[in-house]
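Residue strings, one per chain:
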Amino acid sequence: MVSEYLKQNTAEFHDAAEKLFNSEKIFSRTFTLEDYKKIINTNYLMLLHSEDKIFNSLSENFSEKLQLNQRKKLPLIEKDLQSLALENQDVSYDLEINNEHEALGMMYVIEGSTLGGNVIAKQLSKTEGFDDVTFNFFGCYQENTGPMWKNFKEVLDTEVTEENYNEVLSGAKKLYTFLLNVN
């Protein structure tokens, strides 16, 4: 299954992202508003440079099965930017997507950030200094986070054949690399 293949082969990228964002501070309740601004701004730049390209690279088949109309996150994170007094930016880098399988790999990174983001939002909502923070991006699916992730993984695992695993992995690594180097 491609979802397991991706999980195993992107673990070092996932760990590097957690380190970059000081994730351990979230659970020790020492995560600050400045830390949060960094994580939101970095995810914003990732979405700004990739979301439309990813969605445009996917066939109608994937658009329907993945319910892309419910997965748009850029407008949500822009609301978070506004509430944090951070500025919108322009696209400054041409993130290349070579095919539909790479787009799916990139989407794996974004959907994974949503899954983790739900945990982050719950934890930070109990942390001092986060009373007035709106978690539009990290809370985007609310109680549907689990089902949305499950749907995403099921579509990947049923639609992607083993011969395309490396292309999906290439897309995931490409977006993780962008995320880790954007600041």
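Right above here is the structure, for reference.
For every chain, the first residue of its written sequence is number 1, and the numbers climb from 1 along that sequence. Residue-level local features of this predicted model are given only where pLDDT is at least 70; pairs of side-chain atoms are given and counted only at 80 or more, and the full residue set underlies all totals for whole chains, interfaces and linings. The basis for every side-chain value is the complete set of non-hydrogen atoms in the structure, without hydrogens or water.

Examining the overall build of the protein chain
Right, on to step 1. Here a strand is any run of E in DSSP of at least two residues, a helix any run of H or I of at least four, and the numbering for each starts at the N terminus. Within the protein chain, the secondary structure is distributed over 9 helices and 0 strands.
Right, on to step 2. Listing the helices and strands of the protein chain from first to last along the sequence gives α-α-α-α-α-α-α-α-α.
Right, on to step 3. Whereas a compact globule of 183 residues would reach a radius of gyration of roughly 16 Å, the protein chain reaches 16 Å, a difference of no more than 12%.
Right, on to step 4. Seen along its three principal axes, the alpha-carbon backbone of the protein chain occupies a region of about 50 × 30 × 30 Å.
Right, on to step 5. Counting only residues that meet the buried cut, the protein chain has 48% of its 183 residues in that class.
Right, on to step 6. Accessible surface, the protein chain as shown: approximately 9400 Å² in total, 47% of it carbon and sulfur.
Right, on to step 7. Separation of charge centres in the protein chain, based on 18 positive and 30 negative side chains, amounts to 5 Å. The globule rule used for comparison is 2.2 Å times the number of residues to the exponent 0.38, while the radius of gyration itself is calculated over C-alpha atoms. For every residue, the accessible area obtained with a 1.4 Å probe (protein chains only) is divided by the maximum for its type, and the residue is called buried under 20%, exposed over 50%, and partly exposed between those limits. The method behind every accessible area is Shrake-Rupley, applied with a 1.4 Å probe, and residues are considered shielded solely by the protein chains displayed. Neither His nor the chain ends is counted toward charge; the positive residues are Lys and Arg and the negative residues Asp and Glu. Here the site of a charge means atom NZ of a Lys, CZ of an Arg, CG of an Asp or CD of a Glu.

Here we look at the nonpolar core
Right, on to step 1. Only buried residues count toward a nonpolar core. Its members are Ala, Val, Leu, Ile, Met, Phe, Trp, Tyr and Cys residues joined through side-chain atoms within 4.5 Å. Grouped together as the largest cluster of nonpolar side chains are 55 residues, with contacts concentrated most on Tyr36, Ile40, Ile54, Leu58 and Leu66.
Right, on to step 2. When contributions to this core are tallied by element, the ones reaching two or more residues are α1 (2-9), α2 (11-20), α4 (33-57), α6 (74-83), α7 (100-124), α8 (145-159) and α9 (165-181).
Right, on to step 3. Whether two residues are in contact is decided by their heavy atoms, any of which lying within 4.5 Å being enough. When sequence neighbours within four positions are dropped, the list of residues in contact with Ile54 reads Ile97, Ala103, Met106, Met107 and Ile110.

Details of the packing of α4 against α6
Right, on to step 1. Note on method: axes are straight lines fitted to C-alpha atoms, helices fitted across the in-contact stretch only, with angles between N-to-C directions ranging 0 to 180 degrees. Running from N to C, α4 and α6 point in directions that differ by 150°, and their axes come no closer than 10 Å. The handedness of the crossing between α4 and α6 is left-handed. Packed against α4, whose contacting residues are Tyr36, Ile40, Asn41, Asn43, Tyr44, Leu47, Leu48 and Glu51, the element α6 presents Leu74, Pro75, Ile77, Glu78, Asp80 and Leu81 at the interface. Crossing handedness: left-handed means the near helix sits turned counterclockwise from the far one by under a right angle, and right-handed means the same turn made clockwise.

Here's the deal with the pattern of salt bridges
Where charged atoms of side chains with opposite charge meet at close range, the side chains can pair.
Right, on to step 1. Salt-bridge detection follows one rule: a side-chain nitrogen of Lys or Arg within 4 Å of a carboxyl oxygen of Asp or Glu. Scanning all chains against the criterion turns up 10 salt bridges.
Right, on to step 2. Taking the shortest distance from any N to any O, the salt bridge between Lys25 and Asp35 comes out at 2.8 Å. In this pair, Lys25 is assigned in helix α3 (residues 24-27) and Asp35 in helix α4, connecting sequence segments 10 residues apart.
Right, on to step 3. Since its relative accessible area comes to 13%, Asp35 is described here as buried.
Right, on to step 4. Across the pair Lys150 and Glu154 runs a salt bridge whose closest N-O atoms are separated by 4.0 Å. Residue Lys150 and its partner Glu154 are located together in helix α8, separated by 4 residues, close to a single helical turn.

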